[in-house]
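Geometric and topological summary
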Amino acid sequence: MHTLRSLYHLTLSTCLEGIRHKALWAIVCLAMLLTLGNLAVTLLFTWDLGKVSIEFGLSAVAFTGLLVVFFLGMKMLADDLERSRIYLLLSRPISIWQYLLGKFLGLALILLTATVILGVSAAVSMQYVLWSYPAFVPPHFSWLTYVMALFSQWLGLVMVLAVSVFCFSFASQPFVALLLTACTYLAGQNMELLRRVVLENAYAGVLSGRESLVIGLSWIFPNLSLFDKKYAAAYGLAFSGQELLLLTGYALSYSLLLLWLAAFLFKRKELA
Amino acid sequence: MSIRRVVTSGLVGLVLVGLYVASYSGLQHHRRSLPDAGESSSGIWNLSPVIIAAIAGEFKGLMADYLTLEAGARLGAKVVRTPDGKYREVKRRIDWPTIHRLYVASQYLDPSFEQTYTVAQGWLPWEGGMVREMQAILRTAAQGRPWDWKPTHLQGFNTYYFLRQPGAAGKLFLEAARIPNAPSFLPILGARLAQKGGETAAAIVLMRSMLADKTPDDPDYDDLSDRLQALQGVQQIEEASRKFQAVFARMAQSIDELLTSGMLATAPANPYKVAYCMDKAGIVYFDQPDCQK
């Protein structure tokens, strides 16, 4: 009970701290700009306006989420160390894993808030485009697919967040953690592509015939491309609830595993 | 002392501003004097599409949109400013291999994007002379958009118009006609071209499969069934003509000759209420009774 209460307070305080960083206001401003941007960009095209609008909206959510993870999330973690707030927290009956999990959950909540705000604003601009140009509404477009795509986008961001907490737990400098997280994000985005290139291409260069290495890597790095459902949402291609459930399981298990490892590494980190 | 300092720093500032203005305006002047300034043929699209996909990461759709826009911006006439401040259109030299690479890269990232294949079709086969390349783009679009009849229809058009293969074009039109919401003229046109190109059997099979999905209440049912019957008549005459050639080692001159030789028992019924006609090359028509003239 006490553990849960500590976690709750840490999560809430992290979330409030994030909002106090004025990040949320920046996100709201960005959402408004992107809504207008969506309308302007869509009108540059003559065909498939619905697709362009939906894809732009979801890409905006992804981009903003990444900014939140890379800059706000990592800054908040680094601030705890640099401003010595972590000693204040750890001097209380809070264990390291509670600290990391609480921070992670708080940041995940900020991400969720940002995703909802941006998702709604993107939906407004998309609705306007779809309403103005009914001929270009994707044939099987559904708002349910859009919401599912948005949710899987958030799951992907949560995984990146878990990676950032993990990198933060052992990196000597916040910048190193940022760099490692960015590299992991890029590798994770292309894991599926790399796997396909090696498995389906006889001329894969140095990776030719090293399928097991690539498969091994795809188990280590987060396979973020699986969470990219922009294409499905943009063309109204259905993806099942079962797939979403499996994605949720994958994201949660991978994130929790990383947090467990992070707690282990963080104990060995030189905090002074 | 302080006045001297202010004057010195002001002078340094003025020199720096002067340098900046001179260098930047010189650079702009130099760029204006270059042909097609700012329109380089090098860019991300020169990389392998797999590399572009890796760079784009989860923003593949946006990258595809950008590449399509980039290709569009490089096509058509260019508007330039004259020294007196007015605008005039100038024709520019278009680098077709670059345009093609842009479309291929865009399609690799988003094989379902309608803008890519539609704009490419408007330029590549007509102005760029890239018919085969365009057919490949359309094949990818047809795979990426199984709900859209237009890519296959355009493939049929290119096959007929540029490649001059009416039989193959007809088969493509018939394939496009099987996609939901395809216009009703497609099966009729496809059947005509397929038959004209010697693909009567294929046309009949496709027409039959299309009729199997329809009921007699469908508005185009009668048209399709008439065309099927006409094609079956053509096929019957073609078979008799082949038999005639095998027996007499020459081509029959007319349908009457097929009838009198016994190779064709009776003239098949034509739903269009005209007589079938066979020209000197042995091509059978169901709608040109005077084809021998």
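Residues numbered from 1 in each chain as written. Chains lettered and ligands numbered in written order. Predicted model: local features only at pLDDT ≥ 70, side-chain atom pairs only at ≥ 80, totals over all residues.

1. A closer look at the overall build of chain B
For clarity, the cut-off: Comment: elements are numbered from the N terminus, with helices defined as DSSP H or I runs of at least four residues and strands as E runs of at least two. Computation of the radius of gyration draws on C-alpha atoms alone. For the globule rule, the value is 2.2 Å times the number of residues to the power 0.38. Buried means a residue has 20 or more other C-beta atoms within 10 Å of its own C-beta, exposed means 12 or fewer, and partly exposed covers the counts in between; C-beta atoms are placed from the backbone. The contact rule is simple: place each C-beta atom from the backbone, and if two of them lie within 7 Å, those residues are in contact.
Along its length, chain B carries twelve helices and four strands. Radius of gyration (C-alpha) of chain B: 31 Å, far over the 19 Å computed for a compact globule of 293 residues. Across its three principal axes, chain B shows a C-alpha extent of roughly 125 × 40 × 35 Å. Split into buried and exposed, the 293 residues of chain B put 35% on the buried side. The long-range share in chain B, meaning contacts at least 24 apart out of those at least 6 apart in sequence, stands at 50%.

2. Things to note about the nonpolar core
The test is simple: A set of buried Ala, Val, Leu, Ile, Met, Phe, Trp, Tyr and Cys residues, joined through C-beta atoms within 7 Å, is what we mean by a nonpolar core.
Within the largest apolar cluster, 94 residues are counted, with the highest numbers of intra-cluster contacts made by Phe104(A), Leu111(A), Val158(A), Leu161(A), Ala162(A) and Val165(A). A total of 17 residues in this core trace back to one element, the largest contributor, which is helix α6 (residues 143-170) of chain A. If you look at the next biggest cluster of nonpolar residues, it comprises 37 residues, including Ala191(B), Ala230(B), Val234(B) and Ala240(B).

3. Observations concerning the pairing of strand β2 (residues 87-90) of chain B
Residues and elements named next belong to chain B. Just so we agree on the cut-off: Here, any two strands with at least 2 DSSP bridges between them count as paired.
Of the strand pairs in this sheet, strand β1 (residues 78-81) and β2 are connected by four bridges, and their pairing is antiparallel. By the bridge assignment, Arg81 is partnered in β2 with Tyr87. Where β1 hands over to β2, the hairpin turn is made up of five residues, of which Gly85 adopts a positive phi near 90 degrees.

4. Thoughts on the confidence of the model for chain B
Residue and element names in this part refer to chain B. We apply this condition: For every residue, the pLDDT score states the predictor's confidence, bounded by 0 at the bottom and 100 at the top.
With 97% of its residues at a pLDDT of 70 or more, chain B shows a mean pLDDT of 85. When mean pLDDT is compared element by element in chain B, helix α6 (residues 131-144) scores highest at 94, while β1 scores lowest at 73. Overall fold confidence for the complex sits at a pTM of 0.76, while the interface term, ipTM, reaches 0.82.

5. Observations concerning the environment of Phe170(A)
Residue and element names in this part refer to chain A. Looking at the element boundaries, Phe170 is found in helix α6. Residue Phe170 is classed as partly exposed on the basis of its 16 C-beta neighbours within 10 Å. If we ignore the near neighbours within four places in the chain, the residues touching Phe170 are Leu265 and Lys269.

6. Digging into the confidence of the model for chain A
The predicted structure's coordinates, where accompanied by low pLDDT, should not be read in detail. Here chain A averages 85 in pLDDT, and 95% of its residues register 70 or above. For chain A, helix α4 (residues 85-90) of chain A is the element with the lowest average pLDDT, namely 72, and α6(A) is the one with the highest, namely 93.

7. A word on the domain arrangement of chain B
All names here are of chain B. Inclusion rule: Domain extents, as shown, originate in an automatic or database domain assignment. Gly falls in the polar group here, along with every residue not listed as nonpolar (Ala, Val, Leu, Ile, Met, Phe, Trp, Tyr, Cys, Pro) or charged (Asp, Glu, Lys, Arg).
The assigned domain composition of chain B is domain 1 (42-146), domain 2 (147-213) and domain 3 (231-293). Computed over C-alpha atoms, the centres of domain 2 and domain 3 are 24 Å apart. Facing the seven residues of domain 2 at the interface are five residues of domain 3. Listing elements by their share of the side of domain 2 that touches domain 3, those giving two or more residues are α9 (185-196) and α10 (200-212). If one sorts the elements of the side of domain 2 that touches domain 3 by residue count, α10 sits on top with five residues. Of the residues belonging to the side of domain 2 that touches domain 3, the class tally is five nonpolar, two polar and no charged.

8. Brief notes about the interface of chain B and chain A
Across the contact, 16 residues belong to chain B and 24 residues belong to chain A. Every element with two or more residues in the side of chain B that touches chain A is listed here: α2 (49-56), α3 (60-73) and α5 (114-123) of chain B. Among the elements that take part in the side of chain B that touches chain A, α3(B) stands out by supplying four residues, more than any other.

9. Section: unusual backbone geometry
Residue and element names in this part refer to chain B. In this structure, Arg164 is a non-glycine residue whose phi angle is positive, near 55 degrees. The residue Arg164 is located in the loop between α7 (150-161) and α8 (166-177) in this model. On the basis of neighbour counts, which here come to 10 C-beta atoms within 10 Å, the residue Arg164 falls in the exposed class.

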